[in-house]
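Residues per chain are reported as follows:
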Amino acid sequence: MTASVETLLEALPYIRDFHGRTVVIKYGGAAMTDETLRDGFATDVVLLKYVGLKPVIVHGGGPDITKYMERLGMEVRFVEGMRVSDAETVEVAKMVLLGKVNADIVMRLNRHGQPAVGLSGEDGALFTIAPHARAEEVGFVGEIERVDVDVLNHIAADYIPVIASAGVDPEGHSYNVNADTAAGKVAGALGAFKTIFLTDVAGWLGDPADEATLNSKVTVGEVEAALPEIGGGMRPKLAACAEAVRSGVGSAHIVDGRRPHSLLLELFTDAGIGTMVTP
């Protein structure tokens, strides 16, 4: 009982300071695939809303998209964390993102007591999309040129927005959008207080094979200096952190989503977990 009271007292100043603030959460990895973690994530986000924060969720659906592509006998390839996407891949991705993943997140949030609204980059012209600079290599992967936050601000006043990382260009062509990149862009456009990326590692590791090399707190300058040497899925996450902070977000966090309630641990405890990127 004493430990529980101490935990609440530790959280109190954070709850007070964060009240009314926008937090953009990139949801993915194990937290999206494990049933217990999925439900725990929903309860954590509902709690954030109840204590006065304004959570906005941005999600991909990588594992589910890969699973359905493999079922259909489609080739799965990545370049620096981006899924190589032809028109057929984008079609499958949109079906999975909107018809399965987004709907499941919204359902869980609703069930735990806070109404949520599912969106994609197409809704309310939320994302203005252009082909990626490396389109010859990655195909129909889009870059977000602009985020129109009007629709998000209206929804977030009363609901939890849940945004699937897909969109169309002005000519109506559909594109995959990297969910990490989308979360960074959304956070910057909203002027969010924090943005949090849930992933399947402890954070940004100096040596990917050694969790003892965790970079717990770094500046955006240190991240940008290191980016050319970083590959795989960590690269778009760190790039998104850097863009968010450069756009005015107070801090960006890469957090181990395999840990139950990692979202609350990062926000409401003195020690926190994962990697924190600051200006």
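Treat the numbers as computed from the prediction; the structure is a model and nothing was measured. (Residues numbered from 1 in each chain as written. Predicted model: local features only at pLDDT ≥ 70, side-chain atom pairs only at ≥ 80, totals over all residues. Heavy atoms only, no water.)

A.B. asks: What should I look at first to understand the overall build of the protein chain in this one?
C.D. replies: Per the secondary structure count, the protein chain includes 11 helices and 16 strands. Here the C-alpha atoms of the protein chain give a radius of gyration of 18 Å, agreeing with the 19 Å that 2.2 N^0.38 yields for 279 residues. Projected onto its principal axes, the C-alpha positions of the protein chain cover 55 × 40 × 35 Å. Contacts in the protein chain between residues far apart in sequence, at least 24 positions, make up 72% of those at least 6 positions apart. Element-wise, carbon and sulfur atoms account for 53% of the exposed surface of the protein chain, whose accessible area totals about 12,400 Å². (Helix = DSSP H or I, 4+ residues; strand = E, 2+ residues; numbered from the N terminus. Rg over C-alpha atoms; globule rule 2.2 N^0.38 Å. Contact = heavy atoms within 4.5 Å. Areas by Shrake-Rupley, 256 points an atom, 1.4 Å probe, with all protein chains shown as cover.)

A.B. asks: Explain helix α5 (residues 87-111) to me, please; I cannot follow it from the model alone.
C.D. replies: Given 3.6 residues per turn, any residue in an α-helix points the same way as the ones three and four places further on. With 25 residues, α5 ought to run about 36 Å at 1.5 Å a step, and its terminal C-alpha atoms sit 35 Å apart, in line with that. A bend of about 35° at L97 is the largest found in α5. Of the residues one or two after α5, G113 is the one with positive phi, at around 115°. (Expected span 1.5 Å × (residues − 1). Bend = angle between axes of the 7 residues up to and from the residue.)

A.B. asks: Quick question: what am I supposed to make of the side chain of N178 here?
C.D. replies: Along the chain, the position of N178 falls in the loop between β10 (174-176) and α8 (179-190). Side-chain polar atoms of N178 contact the backbone nitrogen of T181, separated by 3.0 Å. (Polar contact = N/O pair within 3.5 Å; in protein donor to acceptor, adjacent residues only side chain to side chain.)

A.B. asks: Please explain the nonpolar core as it appears in this structure.
C.D. replies: Nonpolar side chains in soluble globular proteins tend to be buried together. Of all hydrophobic cores here, the largest spans 40 residues; its most connected members are V24, F127, I163 and V186. At the level of secondary structure, the elements contributing two or more residues to this core comprise β2 (54-59), β6 (127-131), β7 (142-147), α7 (150-156), α8, α9 (220-226), α10 (234-246) and β15 (251-256). Counting residues per element, this core draws most heavily on α10, at seven residues. The residues touching V186, leaving out its near neighbours within four places in the chain, are V24, V56, V58, F127, V147, L152 and I163. In terms of nonpolar packing, the next biggest core, distinct from the first, is built from 39 residues, M32, V46, M74 and A164 among them. (Core = buried A, V, L, I, M, F, W, Y, C linked by side-chain atoms within 4.5 Å. Buried < 20%, exposed > 50% of the residue type's maximum accessible area, 1.4 Å probe, protein only.)

A.B. asks: Help me understand helix α3 (residues 35-50), please; the structure alone is not making it clear to me.
C.D. replies: Compared with the 22 Å implied by 1.5 Å per residue over 16 residues, the 23 Å span of α3 between its first and last C-alpha is a close match. Listed in full, the buried residues belonging to α3 are L37, R38, G40, F41, A42, D44, V45, V46, L48 and K49. The N-cap residue of α3 is D34: its side-chain oxygen and the backbone nitrogen of T36 are 3.0 Å apart. Downstream of α3 by one or two residues, G52 has phi in the positive range, about 105°.

A.B. asks: What exactly am I supposed to notice about the packing of α8 against α10 here?
C.D. replies: Each pair of packed helices can be described by the angle between their axes along with the distance between the axes. Where α8 meets α10, the axes come as close as 8 Å, and the angle between the chain directions of the two elements is 10°. With respect to α10, the element α8 is oriented roughly parallel. Where α8 abuts α10, its residues D180, T181, G184, K185 and A187 lie against P236, K237, A240, E243 and A244. When the residues that make up the contact of α8 with α10 are grouped by side-chain class, the tally is four nonpolar, two polar and four charged. (Axes fitted to C-alpha atoms, helices over the stretch in contact; angles between N-to-C directions. Parallel < 35°, antiparallel > 145°, perpendicular 65-115°, else oblique. Nonpolar A, V, L, I, M, F, W, Y, C, P; charged D, E, K, R; others polar.)

A.B. asks: Please clarify how the sheet that holds strand β1 (residues 22-27) should be interpreted in this entry.
C.D. replies: The strands making up a sheet associate through hydrogen bonds between their backbones, and the pairing can be parallel or antiparallel. Spatially, eight strands are ordered β5-β8-β2-β1-β11-β15-β16-β14 in an open sheet, and the strand pairing comes out mixed. Of all strands in the sheet, those bounded by a partner on one side alone are β5 (116-120) and β14 (217-219). The mean inter-strand angle of the sheet, taken between neighbouring strand axes irrespective of direction, is 20°. One ladder, built from six bridges, connects β1 with β2; its direction is parallel. If you follow Y27 over to β2, its bridge partner there is H59. Sitting on the sheet, α10 touches β1, β11 (194-199), β15 and β16 (275-278), and the angle it makes with β15 is about 155°. (Pairing = 2+ DSSP bridges.)

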